[in-house]
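What the coordinates show
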Amino acid sequence: GSEPPKAFVASPGKSGSFLFRTSDGEAVAVTFPAKPVGLDFRKEMPLRVRVVREGSIAQEKGVQVGWELEEINGQNVTDMGDFENACAALKLAVATLPDRDS
């Protein structure tokens, strides 16, 4: 079949693609290959990183406390409206990731 280019397709179960905004206002795209990613977020909008766990995938990827999560697999977090929706989308995105080899 003629498949559309991968860039335009969120492929569940492959990897979690997240766009963060740093405190300097710079956009940083981070792809998490597995779960757990090792991030905790403040329970409010916008979704800001509260904790980056020691030795976690997020830490390896250079994610910093205070970064704002802007997009989850290409979906704008602000468009999700409230924390509950954004949190559900985040959990879903992470849930589709393979488990990290322990």
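Each remark here, short or long, concerns the structure printed above.
Now for a look at the structure at hand.

Definitions and limits used
Residue positions are given per chain, counted from 1 along the sequence in the order it is written. Where local features are concerned, this predicted model is filtered to residues with pLDDT of at least 70; where side-chain atom pairs are given and counted, the filter is 80 or more; whole-chain, interface and lining totals use all residues. Each side-chain value is worked out from all heavy atoms of the structure, with water and hydrogens disregarded. When a carboxyl oxygen of Asp or Glu is within 4 Å of a side-chain nitrogen of Lys or Arg, the pair counts as a salt bridge. The helix count covers DSSP runs of H or I at least four residues long, the strand count covers runs of E at least two residues long, and both are numbered beginning at the N terminus. Per-residue accessibility, obtained with a 1.4 Å probe over protein chains only, is compared with the maximum for each type, and a residue is labelled buried under 20%, exposed over 50%, and partly exposed between these values.

1. Some thoughts on the pattern of salt bridges
- This structure, assessed with the given rule, holds six salt bridges.
- Between Asp-40 and Arg-50 there is a salt bridge; the shortest N-O distance is 3.7 Å. Residue Asp-40 is located in strand S3 (residues 39-41), and its partner Arg-50 is located in strand S4 (residues 49-52); the two are separated by 10 residues in the primary sequence.
- Here Glu-60 ties to Arg-100 by a salt bridge, and the two come within 2.5 Å at their closest N and O atoms. A residue pair is termed long-range when its members are at least 10 positions apart, and Glu-60 in helix H1 (residues 57-60) and Arg-100 in the segment after helix H2 (83-95) qualify at 40 residues.
- By relative accessible area, which is 58% here, Glu-60 ends up exposed.
- The network of salt bridges with shared partners includes Asp-40, Arg-50 and Arg-53.

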